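The chain contents come next:
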Amino acid sequence: MTTETATVQSIARERGEIGNFRFPEKHKYDAGFGLSERTIDYICDVKNDPDWVRAFRKKALGVFESKPMPTHWASDDLNTIDFDKIRYYLSSGDLPKRSWDDVPDEVKQTFERLGIPEQERKFLAGVEAQYDSEAAYSNVKEAVAEQGVLFVNSTEGLKEHADIFRPWFGKVIPTGDNKFSALNSAVFSGGSFIYVPPGVKVKHPLQAYFRINSEQFGQFERTLIIVDEGAELTYMEGCTAPKFETSTLHSAVVELVAMKGAKIQYITVQNWSANVFNLVTKRGLAHEDAEIRWIDCNIGSRLTMKYPGVIMKGRRARGEVISIALANTGQHQDTGAKMIHAADETTSNVVSKSISVGQGRSTYRGQVLIPKHLKGCKNNTECDALLINSNSKTDTYPAITVRGNQHSTQHEASVSQVSEEQIFYMQQRGLSEAAAMSLSVNGFINDLVREFPMEYSVELKRLIDLEMEGSVG
Amino acid sequence: MSTNCLEIRNLHATIAANGTPILNGLDLTLPKGEVHAIMGPNGSGKSTLAKILAGHKAYEVTDGEVLLDGNNLFDMEIDERARAGLFLAFQYPLEIPGVSNANFLRAALSARLPEGEEIDAVSFYKQLRAKMSLLDMDTKFTGRAVNEGFSGGEKKRNEILQMMLLEPTYAVLDETDSGLDIDALKIVARGVNAMRTPERGILLITHYQRLLNYIQPDHVHVLANGRIVRSGDRTLALELEEKGYDWIREADEAAAAAAGA
């Protein structure tokens, strides 16, 4: 903690070790660099998109081009993204795989390198894993399919299940919501489409693994999940990317629809390499008595901007965001939550914990809106920041707009620092400085980690250990 | 040089931030199998000695050395000293929010194992519960965050619990008796006495003789102005209690005057 230069160097070395692996790439389809109407046509032709999708994409391209970078409130670092140096579509051309045996060895090797625990591989039977921009592996667990649940990639969703897909697609997050949702709408590929029929409670969480394996290649997955009346679903998403030499853009759009009395839990653990821009729009629409929970963990990336939201449209709907962010040197985690109350007696809860290591910066940005004509709405917001080194940074921008006097809101925020005395105490018990730091950080987020499934919390702990190793000088 | 003791030789130390001298040539040898007590008035350097042995960065060693079983303590990092067998029961134990007592102890024990080896959970919990019962600690303390929301007495008991599980070769107890009522003091003493073995040296740092009624030391040292000014057996502690620390100070001054004359 005393020699900052040494700290930075050791982090750089450490990060090199962590992310430095990749596998040979074979791409049958490649849209080339840059974005134009021709790029859109190429993508549509290769994917054999229906005409309405082609029109949707082209309209989105116009919206994207007309919107300025949101640097009036967000980081200037966005200006370093060169949209002409990005390849917007790559595909191996392989059809989605149906069984584990069919998965290419190099993909399996990737899972191996990512250290996915044995326990978790069992879950892979019900997993859709995305390799580059198309699903290389996709297998809906039979029991789930038997219940009438659709679990396919979004391309298949929009073609084969247009009657369910189309009415909600782009409705929770309109194309023009922000510059990056427009970009995604123009060039999206991959991502999942899930439909759970009324009353069906999906017992096992559905999972998807995403990874990027091409330099200068942006990944724009598009996920739409519709859970019908009284049905329940947990979806888990884990992302990790190999190291690249130039910046990489990742811009996903995830839309959730929870019909009356439905429950959706969407769990994400992301560990991007340090050069990735991760600019994600995630939002759910909760109807009467429905519940949507976003459980989100962001580690790595150069800049992450992500504010999962819930629009509580029906009476007594509930929205929740539980998030953990870890920003190391050279990283900015700009995360938060958006809670839009649009009906009486709706309840929202936001709990956010961030950790800044080295010269890392974490930002909490929250928006809570309770309009005047409603009554009986509740919001609770807690955001806690932990600073590890003396030059670590954190900032908080909570915007809570409550009109009318029939509501209840609570807001708590704290900033704390790992104390040298605490580390001394732990070291005196035999723990190395890094192990003491890790334990301390794990303690800070412990109550939130419990919200993650067991196998994810193990992985999370390992990721934090890796990040903390470089933080001590 | 012995490989069976903690040997402090001519130790000089200052406060790192401002150079204020705290220890001025302290000598003390704690052999395995013995219990020594260090007594002394406020500000004599008792707690500083404990922190310097553990490796606290607020102090700078300016001269002298400390050998742990013949190895130079000051060549080791804080955690290496701990793993080499040195334990410090803190006067003010720290809180570690979100980390359970059981997990903390497991992590500390795991740190002592070779890479790749793990603690056997079943025997760990069995041991943990046995020691907790000896210290009259409720088993619910295993799941509670380390020292968070503990009373003063519970924190001190928790220090002894950690010592019992980590089984150090040399344990330094820094004012473990302060803030304890008589019942808690007896319980803590029971734990410490259970740790008295021929393989372990224990250094009790205390202000009061009271603790020594329950943990009877083999030797008593008096620390004043950063040096050991008297050493003796248990009766020295009793004498101190009767006559107060001024008695030592006056005797010292008289001796100094005689030497100067």
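The rules behind these values
Residues numbered from 1 in each chain as written. Chains lettered and ligands numbered in written order. Predicted model: local features only at pLDDT ≥ 70, side-chain atom pairs only at ≥ 80, totals over all residues. Heavy atoms only, no water. Helix = DSSP H or I, 4+ residues; strand = E, 2+ residues; numbered from the N terminus. Buried < 20%, exposed > 50% of the residue type's maximum accessible area, 1.4 Å probe, protein only. Contact = heavy atoms within 4.5 Å. Areas by Shrake-Rupley, 256 points an atom, 1.4 Å probe, with all protein chains shown as cover. Pairing = 2+ DSSP bridges. Axes fitted to C-alpha atoms, helices over the stretch in contact; angles between N-to-C directions. 1 Å grid on protein atoms, 1.4 Å probe; cavity = no way out; pocket = protein on both sides within 12 Å on 5 of 7 lines; lining within 4 Å. Points joined across faces, edges and corners; volume = space filled by probe spheres on them. Left-handed = near helix turned anticlockwise from the far one by under 90°. Nonpolar A, V, L, I, M, F, W, Y, C, P; charged D, E, K, R; others polar. Buried area = accessible area lost by both parts, 1.4 Å probe. Salt bridge = Lys/Arg side-chain N within 4 Å of Asp/Glu carboxyl O. Polar contact = N/O pair within 3.5 Å; in protein donor to acceptor, adjacent residues only side chain to side chain. Phe/Tyr/Trp six-rings, centres within 6.5 Å; stacked < 30°, edge-to-face > 60°. Lys NZ or Arg CZ within 6 Å of the ring centre and 35° of its normal. Core = buried A, V, L, I, M, F, W, Y, C linked by side-chain atoms within 4.5 Å. pLDDT = per-residue confidence, 0-100. Expected span 1.5 Å × (residues − 1). Bend = angle between axes of the 7 residues up to and from the residue.

Helix and strand counts for chain A stand at twelve helices and 23 strands. For chain A, the residues scored as buried account for 61% of the 473 residues in total. Looking at chain A alone, contacts between residues at least 24 apart form 85% of all its contacts between residues at least 6 apart. Summing over all exposed atoms, chain A offers an accessible surface of approximately 17600 Å²; the carbon and sulfur share of this is 48%.

Attention now moves to the sheet that holds strand β4 (residues 59-68) of chain B. The pairing of strands in a sheet comes from backbone hydrogen bonds and takes either a parallel or an antiparallel form. Residues and elements named next belong to chain B. Taken together, the four strands give an open sheet; going across it, the order is β2-β1-β4-β5, and neighbouring strands pair in antiparallel fashion. A strand with exactly one partner marks an edge of an open sheet, and here the two such strands are β2 (21-31) and β5 (71-72). Pairing of strand β1 (residues 5-15) with β2 involves eight bridges; the strand directions are antiparallel. Bridge pairing links leucine 6 to leucine 30 in β2. On the sheet, helix α1 (residues 46-54) packs against β1, β2 and β4 and is oriented at approximately 110° with respect to β1.

The next subject is the layout of surface pockets. Roughly 1600 Å³ of volume is contained in the largest pocket. Along the walls of the largest pocket sit 37 residues, with Leu439, Lys461 and Asp465 of chain A together with Ala107 and Ser110 of chain B positioned nearest its centre. Breaking the lining of the largest pocket down by element, the ones donating at least two residues are α11 (433-449) and α12 (454-469) of chain A together with β7 (96-100) and α3 (101-110) of chain B. Looking at which element gives the most residues to the lining of the largest pocket, the answer is α12 of chain A, with nine residues.

The next thing to look at is the packing of α3 of chain B against helix α4 (residues 121-134) of chain B. Helices that pack against each other are described as a pair by the angle of their axes relative to one another and the distance between those axes. Residue and element names in this part refer to chain B. The interhelical angle for the contact between α3 and α4, taken along N-to-C directions, is 120°, at an axis separation of 12 Å. Judged by the sense of rotation from one axis to the other, the crossing of α3 with α4 is right-handed. For the pair α3 and α4, contact is made by Ala102, Leu105, Arg106 and Leu109 and by Ala121, Phe124, Tyr125 and Leu128, respectively. Of the residues in the contact of α3 with α4, the class split is seven nonpolar, no polar and one charged.

In this section: the sheet that holds strand β10 (residues 201-206) of chain B. Residue and element names in this part refer to chain B. Pairing is mixed across the open sheet formed by six strands, whose spatial order is β6-β9-β10-β3-β11-β12. In this open sheet, the two strands that pair with only one neighbour each are β6 (86-89) and β12 (227-232). The sheet shows a mean angle of 20° between the axes of neighbouring strands, taken without regard to direction. Here strand β11 (residues 219-224) runs beside β12; their pairing, made up of five bridges, is antiparallel. Considered in β12, the bridge of leucine 223 is made with isoleucine 228. On top of the sheet, helix α8 (residues 234-243) reaches β3 (35-39), β11 and β12; it is set at about 45° to β11, its chief contact.

Contact residues are listed per partner, giving 15 residues for chain A and 30 residues for chain B. Carbon and sulfur atoms supply 65% of the area that chain A and chain B bury against each other, a total of about 1900 Å² over both sides. The largest share of the area that chain A buries against chain B comes from Phe424, Tyr425 and Arg429 of chain A, three residues that together contribute 40% of it. At the junction of chain A and chain B, the tally comes to one salt bridge. Arginine 429 of chain A is the salt-bridge partner of glutamate 159 of chain B, the closest N and O atoms lying 2.6 Å from each other. In this assembly, chain A and chain B are joined by 14 residue pairs in polar contact (both at pLDDT 80 or more). The greatest single-element share of the side of chain A that touches chain B, amounting to seven residues, is contributed by helix α10 (residues 420-428) of chain A. Taken together, the residues of the side of chain A that touches chain B break down into six nonpolar, seven polar and two charged.

By convention here, two paired aromatic rings are described through the distance between centres and the angle between planes. According to the stated counting rule, one finds 17 aromatic pairs over all chains in the structure shown. Between phenylalanine 83 of chain A and phenylalanine 180 of chain A the ring centres are 6.4 Å apart and the planes differ by 35°, which places this aromatic pair in the tilted class. Of this pair, phenylalanine 83 of chain A sits in the loop between α3 (51-66) and β2 (90-91) while phenylalanine 180 of chain A sits in helix α9 (residues 179-187), placing them 97 residues apart in sequence. Here the two residues phenylalanine 83 of chain A and phenylalanine 180 of chain A agree in accessibility, since each one is buried. Ring geometry for phenylalanine 165 of chain A and phenylalanine 193 of chain A: centres 5.1 Å apart, planes at 70°, overall edge-to-face. Of the two residues, phenylalanine 165 of chain A is situated in helix α8 (residues 162-168) and phenylalanine 193 of chain A in strand β6 (residues 192-196); the sequence distance between them amounts to 28 residues. Cluster of aromatic residues (ring-pair linked, three or more members): Trp52, Phe56, Phe165, Phe169, Phe188 and Phe193 of chain A. When the ring centre of phenylalanine 188 of chain A is taken as reference, the NZ or CZ atom of arginine 222 of chain A above it lies at 5.8 Å. Looking at arginine 230 of chain B, its charged tip hangs above the ring of tryptophan 247 of chain B, at a distance of 5.9 Å from the centre.

Moving on: the nonpolar core. Counting 70 residues, the largest nonpolar core has Ile355, Ile388 and Phe452 of chain A together with Leu26, Leu53 and Phe104 of chain B as the members making the most contacts within it. Broken down by element, the residue count for this core peaks at eight residues, all from α11 of chain A. Those residues within four positions of leucine 53 of chain B in sequence are excluded, and the remaining contacts are Leu6, Ile8, Val66, Leu73, Arg81, Leu86 and Val172 of chain B. With 48 residues, the next largest nonpolar core counts Met39, Ile119, Ala171 and Val192 of chain B among its residues.

The subject of this paragraph is the side chain of aspartate 296 of chain A. On the secondary structure map, aspartate 296 of chain A appears in strand β14 (residues 291-300). Here aspartate 296 of chain A is in contact with Thr268, Lys282, Lys306, Pro308, Ile322, Ser323, Ile324 and Phe452 of chain A, once residues within four sequence places are set aside.

Residues and elements named next belong to chain A. Per-residue confidence for chain A gives a mean pLDDT of 82, with 78% of residues at or over 70. Scored below 50 in pLDDT, residues 117-139 shows 95 contacts in the model against residues more than four places distant or in partner chains. For residues 210-218, every residue scores under 50 in pLDDT, and the model assigns this stretch 64 contacts once sequence neighbours within four places are set aside.

Even without being a glycine, aspartate 289 of chain A presents a positive backbone phi close to 60°. Phi at asparagine 225 of chain B takes a positive value of approximately 50°, unusual for a residue other than glycine. Inspection of the secondary structure puts asparagine 225 of chain B in the loop between β11 and β12. The exposed category is assigned to asparagine 225 of chain B, whose relative accessible area is 60%.

This paragraph deals with the environment of proline 168 of chain B. Residue and element names in this part refer to chain B. Within the element layout of this structure, proline 168 appears in the loop between α5 (152-166) and β9 (170-174). Between the alpha carbons of proline 168 and arginine 200 there is a distance of 7.2 Å; along the sequence they are 32 residues apart. Dropping the residues within four chain positions of it, proline 168 is found in contact with Gly85, Leu86, Phe87, Met163, Met195 and Arg200.

We now examine α11 of chain A. Residue and element names in this part refer to chain A. For α11, spanning 17 residues, the distance from its first C-alpha to its last is 22 Å, which sits close to the expected 24 Å at 1.5 Å a residue. The sharpest bend along α11 measures roughly 40° and falls at glycine 443. Within α11, 13 of the 17 residues are buried, which leaves the element mostly enclosed by the surrounding structure.

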